Amino acid sequence: MVFAQICGAALSQAQSPNMIGSWKVNIAFANGDSRSLRFDAQGAGKGTFLLLDPKLNVWGPARPSEAKWTQGDGNSVTFSGAVEFPLGNVGRDPGTLVFKGKFETESLITGDVEFSPLVGDGPSKSGTFKAIRAAGG
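Residues numbered from 1 in each chain as written. Predicted model: local features only at pLDDT ≥ 70, side-chain atom pairs only at ≥ 80, totals over all residues. Heavy atoms only, no water.

### Remarks on the confidence of the model for the protein chain
- Of the residues in the protein chain, 83% have a pLDDT of 70 or more, and the chain-wide mean is 85.
- Low confidence marks residues 1-13, where pLDDT is under 50. Its contacts with residues over four positions away, or in another chain, come to zero contacts. (pLDDT = per-residue confidence, 0-100. Contact = heavy atoms within 4.5 Å.)

The structure is reproduced here in structure tokens:
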């Protein structure tokens, strides 16, 4: 029986962290901009992004957008989806966010992020992110 407990403990430690749940994601772009959003990771690699931005009070409540995620080898994870960042009081900057990171702990993912705009010929923006599992998430 002791052998079974030891083997079970070893197997549970070898499993990769669980992505499913709610995450608060803080983004720091290289140009000094910072953004926050909530990422709700669901089963089958699906999820949603919900932008958390005080400027949205002018526009009305944020609406969730579709996102997707995959877990790679080891502790690596990638998640992506469409967002519309508010620009001042009158504009929006629609684009795609792609996060590539690693689990530091069961409740913390860090890595790199890239925002690719959907309109115009503006350059993409890159930076870093930190995702913290939300309480109860």
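### Some words on the side chain of serine 80
- Within the secondary structure layout, serine 80 lies in strand 5 (residues 76-87).
- In this structure, serine 80 is in contact with Phe49, Ala67, Lys68, Leu97 and Val98, ignoring residues within four places of it in sequence. (Helix = DSSP H or I, 4+ residues; strand = E, 2+ residues; numbered from the N terminus.)

### Some thoughts on the pairing of strand 8 (residues 125-133)
- Only one face of strand 8 is buried, namely the one carrying Lys125, Gly127, Phe129, Ala131 and Arg133, since none of Ser126, Thr128, Lys130 and Ile132 on the opposite face is buried.
- One ladder, built from seven bridges, connects strand 1 (residues 21-29) with strand 8; its direction is antiparallel. Among the inter-strand pairings, isoleucine 27 is bridged to a residue of strand 8, identified as phenylalanine 129.
- Sheet topology note: the strand 7 (residues 108-117)/strand 8 ladder contains eight bridges and is antiparallel. Bridged to phenylalanine 115 within strand 8 is lysine 125. (Buried < 20%, exposed > 50% of the residue type's maximum accessible area, 1.4 Å probe, protein only. Pairing = 2+ DSSP bridges.)

### Focus: the sheet that holds strand 7
- Spatially, the eight strands close up into a barrel ordered 1-2-3-4-5-6-7-8, and their pairing is antiparallel. On average, adjacent strands in this sheet sit at an angle of 30° to one another, irrespective of strand direction.
- As paired elements, strand 5 and strand 6 (residues 91-105) share 12 bridges and run antiparallel to each other. Note that in strand 6 the partner of proline 86 across the bridge is arginine 92. (Axes fitted to C-alpha atoms, helices over the stretch in contact; angles between N-to-C directions.)

### Description of the packing of aromatic side chains
- Following the criterion strictly, the structure yields 10 aromatic pairs and no others.
- On the numbers, 5.9 Å between centres and 65° between planes, the contact of tryptophan 23 with phenylalanine 103 is edge-to-face. Note that tryptophan 23 is positioned in strand 1 and phenylalanine 103 in strand 6, a separation of 80 residues in sequence. In terms of burial, tryptophan 23 and phenylalanine 103 fall into one category: buried.
- Between phenylalanine 79 and phenylalanine 129, the aromatic rings sit 5.6 Å apart at their centres with planes inclined by 85°, giving edge-to-face as the arrangement. One end of the pair, phenylalanine 79, is in strand 5; the other, phenylalanine 129, is in strand 8, and 50 residues separate them in sequence.
- With a relative accessible area of 1%, phenylalanine 79 lands in the buried category.
- In this structure an aromatic cluster arises from ring pairing among Phe39, Phe49, Phe79, Phe99 and Phe129.
- We note lysine 125 situated over the ring of phenylalanine 29; from NZ or CZ to the ring centre the distance is 4.8 Å. (Phe/Tyr/Trp six-rings, centres within 6.5 Å; stacked < 30°, edge-to-face > 60°. Lys NZ or Arg CZ within 6 Å of the ring centre and 35° of its normal.)

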